[in-house]
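Below, each chain spelled out in residue letters.
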Amino acid sequence: MRQVGLLFFALSLSLSACKKQPFTAITTVETFLEDGLDCHWSPNPNGKIVYSTKGSDSYYDVHISLPDGSDKFCISCDKAELPNRHISNPAWHPSGKWVVMVVEKATHPGSSTDALPGFGAYCDIWIANTQGTRFFKIVDIPNDYDHGVIAPRFSPDGTKLCWTHRVKQPNLLVPKQNAGYWVINVADFSFGTDSIPVVQNIHSIKPGEDAFYEAYGFSPDGNRIIFCSCMNQFSFLDEHIYTMNLDGSDVKKLTEKDYNEHGFYTPDGQRIVYMSSTESSAKGTDWWIMNTDGSNKKRLTYFNESNSNQYTGGAVWAGLGSFDSTGTRFVGGVQKSLTTQEGRIVLVDLNGE
């Protein structure tokens, strides 16, 4: 998801320098996990967080815990039903009883580096119950380097699933294809006999020309999808936040400058938190918030400002997040390395908002 884009963003020397701004503390940030990245807060009142972190075998696995880190449980570790390579990108089903995730294939032509969270090559979409006793592959992706999958997300009512699907491998000689060409897939989801999950009626959406597209999920009313893309731009290094209807119509561009990814709605559907390079002194990215029409943009974090207590000594990159049921806090990954895809997971309290 997203990490692919940030890698090329960090390597680019073409982005203009941003003026340093005074630090204003409108959020409180605390570390949830020092070593992890992908995470999703349950919309169900159980209030648990699902996340991925590396095990002793150097592969990612999916864990669940309460926000204070207690009641921790790994639902994917050493399961005979799974390939037991990288298992990441987890997200809750609205029932709070199932988790969708991206799972590296048991065998494939490339290396496991290509299957890291956010790269998504040689992976399929699976779903597991929260007890870690039932596992189902629900979307099978072609086993070649042209294809990949990132960031599956359920609609608020659980009847639809969207994900981002790579259809053409990266080409560093084509500016818009640096991370490959992708499409956004939307499908119907249901549970059949014996609660066996069913994905059907897959519809691929490409809102513009061949480009990088990355979907982040549905609006709280289930009517729109939020995504980023470099469509209508010269280069993959110029990503912006968009929303659209589920059929790909009524596309709205919400950002106009700098590098932007990882948009997600507040639970009331009134605002969007997103990642941007705007005003970043350390050349990383921070979380910002805006109205759903793109107005009233405001910076939330200052990870990349040396005069901030959120600064950790160098550039970091804010990732995809999600809110708790109250809408006052969100959990998200902060990437420390774009090449190894490693980071930490933080809780952000919008006490000033």
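To keep things clear, this report deals only with the structure shown in the data block. Note that the structure is a prediction, hence the values are computed from the model and not measured.

So, on to the overall build of the chain. If you tally the helices and strands in the chain, you get one helix and 24 strands. Burial analysis of the chain (353 residues in total) assigns 57% to the buried set. Long-range pairs, those at least 24 residues apart, make up 51% of the contacts in the chain with a sequence separation of at least 6. Looking at the chain as shown, the accessible area adds up to about 13,400 Å², and 49% of this sits on carbon and sulfur atoms. Each charge class in the chain was averaged separately, 30 positive and 39 negative side chains, and the resulting centres sit 3 Å apart.

Quick look at the sheet that holds strand 6 (residues 87-92) now. The strand order 6-7-8-9 describes an open sheet built from four strands, whose pairing is antiparallel. Of all strands in the sheet, those bounded by a partner on one side alone are strand 6 and strand 9 (135-139). Direction aside, neighbouring strands of the sheet carry axes that sit 30° apart on average.

Moving on: the state of the cysteines. Under the counting rule described, the total for this entry stands at one disulfide. Cysteine Cys162 is unpaired, with the sulfur of Cys228 as its nearest cysteine sulfur at 13 Å. Among the cysteines around Cys230, which has no disulfide bond, Cys228 carries the closest sulfur, lying 8.0 Å off.

Among the nine residues in strand 23 (residues 329-337), seven count as buried, and that is most of the element. Pairing of strand 22 (residues 317-323) with strand 23 involves five bridges; the strand directions are antiparallel. By the bridge assignment, Gly321 is partnered in strand 23 with Gly332. What sits between strand 22 and strand 23 in their antiparallel hairpin is a turn of five residues, with Gly327 showing a positive phi close to 80°. For strand 23 and strand 24 (residues 342-349), the ladder comprises eight bridges, and the chain directions are antiparallel. When the bridges of strand 24 are listed, Gln335 appears paired with Gly343. Between strand 23 and strand 24, which pair antiparallel one after the other, the connecting turn spans four residues, and Gln341 there sits at a positive phi close to 65°.

Cut-offs and rules
- Residues numbered from 1 in each chain as written.
- Predicted model: local features only at pLDDT ≥ 70, side-chain atom pairs only at ≥ 80, totals over all residues.
- Heavy atoms only, no water.
- Helix = DSSP H or I, 4+ residues; strand = E, 2+ residues; numbered from the N terminus.
- Buried < 20%, exposed > 50% of the residue type's maximum accessible area, 1.4 Å probe, protein only.
- Contact = heavy atoms within 4.5 Å.
- Areas by Shrake-Rupley, 256 points an atom, 1.4 Å probe, with all protein chains shown as cover.
- Lys, Arg positive; Asp, Glu negative; His and termini not counted.
- Charge placed at Lys NZ, Arg CZ, Asp CG, Glu CD.
- Pairing = 2+ DSSP bridges.
- Axes fitted to C-alpha atoms, helices over the stretch in contact; angles between N-to-C directions.
- Disulfide = S-S within 2.5 Å.

Nothing here speaks to function; it is geometry throughout.
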